[in-house]
Amino acid sequence: MRSPSYKKSQSLARGLALLQALSTFALGAASISELSRATGIHRTTVKRVGPQRS
C-alpha cells in the first residue's frame, strides 16, 4: 500500500516558521519586523498570517 502524497501548504509552512521563530525570543514576544527578519517572510505577510494579539 502506498503512502498518500500531500501538497505543501504555504500558509501552514509560514505559520509554523513564525511559531518556531517566536519560540526563540524572550517570553515568546517579537515585533513584526523581528519576525520578518528571523523568517525571511515579508512584514505584511507576517502581519496577515502570524499570531494575533488580543
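Everything discussed here concerns the structure shown above.
What counts, and at which threshold
- Residues numbered from 1 in each chain as written.
- Predicted model: local features only at pLDDT ≥ 70, side-chain atom pairs only at ≥ 80, totals over all residues.
- Heavy atoms only, no water.
- Helix = DSSP H or I, 4+ residues; strand = E, 2+ residues; numbered from the N terminus.
- Core = buried A, V, L, I, M, F, W, Y, C linked by side-chain atoms within 4.5 Å.
- Buried < 20%, exposed > 50% of the residue type's maximum accessible area, 1.4 Å probe, protein only.
- Contact = heavy atoms within 4.5 Å.
- Patch = residues over 30% accessible without salt bridge, like charges linked within 9 Å, V, L, I, M, F, W, Y side chains within 5 Å.
- Areas by Shrake-Rupley, 256 points an atom, 1.4 Å probe, with all protein chains shown as cover.
- Salt bridge = Lys/Arg side-chain N within 4 Å of Asp/Glu carboxyl O.
- Axes fitted to C-alpha atoms, helices over the stretch in contact; angles between N-to-C directions.
- Parallel < 35°, antiparallel > 145°, perpendicular 65-115°, else oblique.
- Expected span 1.5 Å × (residues − 1).
- Arc of directions from axis to C-beta.

*Asks:* Explain unusual backbone geometry to me, using residue names and the numbers behind them.
*Replies:* With a phi angle near 60°, Leu27 is a residue other than glycine that sits in the positive phi range. By the secondary structure assignment, Leu27 is in the loop between α1 (10–22) and α2 (32–39).

*Asks:* Could you give an account of the nonpolar core, with specific residues and numbers?
*Replies:* By size, the foremost hydrophobic cluster in this structure holds seven residues: Leu18, Ala21, Leu22, Ala30, Leu35, Ile41 and Val46. Broken down by element, the residue count for this core peaks at three residues, all from α1. With residues near it in sequence (within four places) discarded, Leu35 still touches Leu18, Ala21, Leu22, Phe25, Ala30 and Val46.

*Asks:* Can you lay out a nonpolar patch on the surface for me, pointing to particular residues and giving the numbers?
*Replies:* On the surface, a nonpolar cluster with roughly 300 Å² of combined accessible area is contributed by Leu12, Leu16 and Leu19. Locating Leu16 in the fold gives a position in helix α1.

*Asks:* Now, about the packing of α1 against α2: what can you tell me, with residues and values included?
*Replies:* Here α1 crosses α2 at 110°, and the two axes come no closer than 10 Å. One way to sum up the angle between α1 and α2 is to call them roughly perpendicular. Along its contact with α1, which presents Ala17, Leu18, Ala21 and Leu22, the element α2 presents Leu35, Ala38 and Thr39.

*Asks:* Provide a residue-level description of α1, including the pertinent values.
*Replies:* Between its terminal C-alpha atoms α1 stretches 18 Å, which fits the 18 Å expected from 13 residues at 1.5 Å a residue. Restricting attention to buried positions, one finds in α1 the residues Gly15, Leu18, Ala21 and Leu22. Down the axis of α1, the smallest arc covering the buried residues is 125°, so these residues share one side. Exposed residues on α1 whose side chains face more than 90 degrees from its buried face are Leu12 and Gln20. Buried-residue contacts for α1 involve α2 and α3 (43–49).

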